[in-house]
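Coordinates in review
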Amino acid sequence: KIRLLISEEEKLRHHGIRVKIIGNLKMLPEDVQDLCNRAMDISEENSKFTLNVAFSYTSREEITHAVRESVKLVQKGEITPEQIDEQLLDDLMYTSGSPKVDLLLRTSGECRLSDFMLWQASESITYFTKVLWPEFRFYHLLLAVFFYQRNFYLLDRLTNKERIE
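A few points on the structure. (Residues numbered from 1 in each chain as written. Predicted model: local features only at pLDDT ≥ 70, side-chain atom pairs only at ≥ 80, totals over all residues. Heavy atoms only, no water.)

1. Points about helix α3 (residues 30–43)
Let me state the cut-off plainly: Runs of E in the DSSP output that reach at least two residues are strands. Runs of H or I that reach at least four are helices, and both are numbered from the N terminus. By this rule the span expected of a helix is its residue count minus one, scaled by 1.5 Å. Buried, partly exposed and exposed residues are distinguished by accessible area as a fraction of the type maximum, computed with a 1.4 Å probe on protein chains only: under 20%, between the cut-offs, and over 50%, respectively. Residues are treated as being in contact if the distance between any of their heavy atoms lies within 4.5 Å.
Between the first and last C-alpha of α3 there are 20 Å, a value that for 14 residues agrees with the 20 Å anticipated at 1.5 Å per step. Three or more residues of α3 are buried, namely Cys36, Ala39, Met40, Ile42 and Ser43. As for α3, its buried residues are in contact with α1 (2–7), α2 (9–15) and β1 (17–22).

2. Details of a nonpolar patch on the surface
Basically, it comes down to this: Residues form patches when they are more than 30% accessible in relative terms and have no salt bridge. Like charges link within 9 Å. Nonpolar side chains (Val, Leu, Ile, Met, Phe, Trp, Tyr) link within 5 Å. Under the convention used here, a 1.4 Å probe and the Shrake-Rupley method define accessible areas, while residue burial counts only the protein chains that appear. Any Lys or Arg side-chain nitrogen found within 4 Å of a carboxyl oxygen on Asp or Glu counts as a salt bridge.
Together, Phe138, Tyr139, Leu141, Leu142, Leu143 and Phe146 give the surface a local cluster of nonpolar side chains, amounting to about 600 Å² of exposed area. Residue position: Leu142 is located in helix α6 (residues 138–164). Of the residues examined, Leu142 reaches a relative accessible area of 32% and is grouped as partly exposed.

3. Focus on the packing of aromatic side chains
Aromatic ring pairs are reported here in terms of the distance separating the ring centres and the angle at which the planes meet. Note the threshold: Working definition: rings of Phe, Tyr and Trp (its six-membered ring) pair if their centres are within 6.5 Å, and the pair is stacked with planes under 30 degrees apart, edge-to-face with planes over 60 apart, and tilted otherwise.
Taken as a whole, this structure holds four aromatic pairs when the rule is applied. When the centroid spacing of 5.2 Å and the interplanar angle of 55° are considered together, the rings of Tyr127 and Phe147 count as tilted. Here Tyr127, found in strand β4 (residues 125–128), pairs with Phe147, found in helix α6; they are 20 residues apart in sequence, far enough to count as distant. For Phe147, a relative accessible area of 24% translates into the label partly exposed.

In structure tokens, the structure reads:
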């Protein structure tokens, strides 16, 4: 699949799609790491859309990674412990630099996130569908988008109320 992304370099550029492979890439074989890095390198200048591909990824590992990186910054004297906050941790996540998650789709009828993007999904609309991923079609995506549109104002009201208080 990564080779396929690389072969579509011109389409990615034409549509402004940046590929970002998130996860602990060090856990992958070196040849797969090279492919992942190549896919990200050929699209790093694209800025219209971001395609996050979760590979060798768990949310717990990502959060642990961000905390360890913040500790390293403290040990180097670049920040103080008091400067560790949500924004810093957000900046240290694998998804840093990506737009926030608006809509998270969960296929297969499971009503849980399964250790997937827990940090990023905190202010998103989550859509659960019984459809299995291989059978997921554009029609199913439209249903998810309609669900998002119907529920967005509730989330917006809740998140803005939290910020006001």
